[in-house]
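The chain contents come next:
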Amino acid sequence: YIIMFAWYFLHLCVNLHINVEMFSMEKKVYKNRIRVVLADKMVTKTYLAEQLGVSKMTISRWCTNTTQPSAPQLIEISQILQCDLKDLYEPFE
């Protein structure tokens, strides 16, 4: 019985692993265009950082797409830069 249980358990684990891989979706990663919009509007990273109450390093990380702002922060950025929200990110490929 132990051998049958071990075989069944192993078989179940392998099947679950395969099913998880089959149904797992690739995580979509978006890239923002904050750096581009800042340049177009001739606004400095320092100004944006002061308006948002974050550090210049945070803005730099957003501009290099190392990290991403939250959705509320993106909305606030669009208001500060007086641009459409969809101008701040690239569409998914």
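Residues numbered from 1 in each chain as written. Predicted model: local features only at pLDDT ≥ 70, side-chain atom pairs only at ≥ 80, totals over all residues. Heavy atoms only, no water.

Quick notes on the overall build of the chain
Along the chain, the regular secondary structure elements total five helices and zero strands. For the chain, the succession of helices and strands along the chain, N to C, is α-α-α-α-α. A total of 93 residues make up the chain; the buried ones form 18% of that total. Carbon and sulfur atoms make up 62% of the accessible area of the chain, which amounts to about 7,600 Å² in all. (Helix = DSSP H or I, 4+ residues; strand = E, 2+ residues; numbered from the N terminus. Buried < 20%, exposed > 50% of the residue type's maximum accessible area, 1.4 Å probe, protein only. Areas by Shrake-Rupley, 256 points an atom, 1.4 Å probe, with all protein chains shown as cover.)

Points about the packing of helix 3 (residues 45-52) against helix 5 (residues 71-80)
Between helix 3 and helix 5, the least distance of the axes is 11 Å, while the angle of their chain directions is 120°. It follows that helix 3 is oblique to helix 5 by the angle criterion. Crossing of helix 3 against helix 5: the hand is right-handed. Where helix 3 approaches helix 5, its residues Tyr47, Leu48, Gln51 and Leu52 are matched on the opposing element by Glu76, Ile77 and Ile80. Here the residues of the contact of helix 3 with helix 5 sort into five nonpolar, one polar and one charged. (Axes fitted to C-alpha atoms, helices over the stretch in contact; angles between N-to-C directions. Parallel < 35°, antiparallel > 145°, perpendicular 65-115°, else oblique. Left-handed = near helix turned anticlockwise from the far one by under 90°. Contact = heavy atoms within 4.5 Å. Nonpolar A, V, L, I, M, F, W, Y, C, P; charged D, E, K, R; others polar.)

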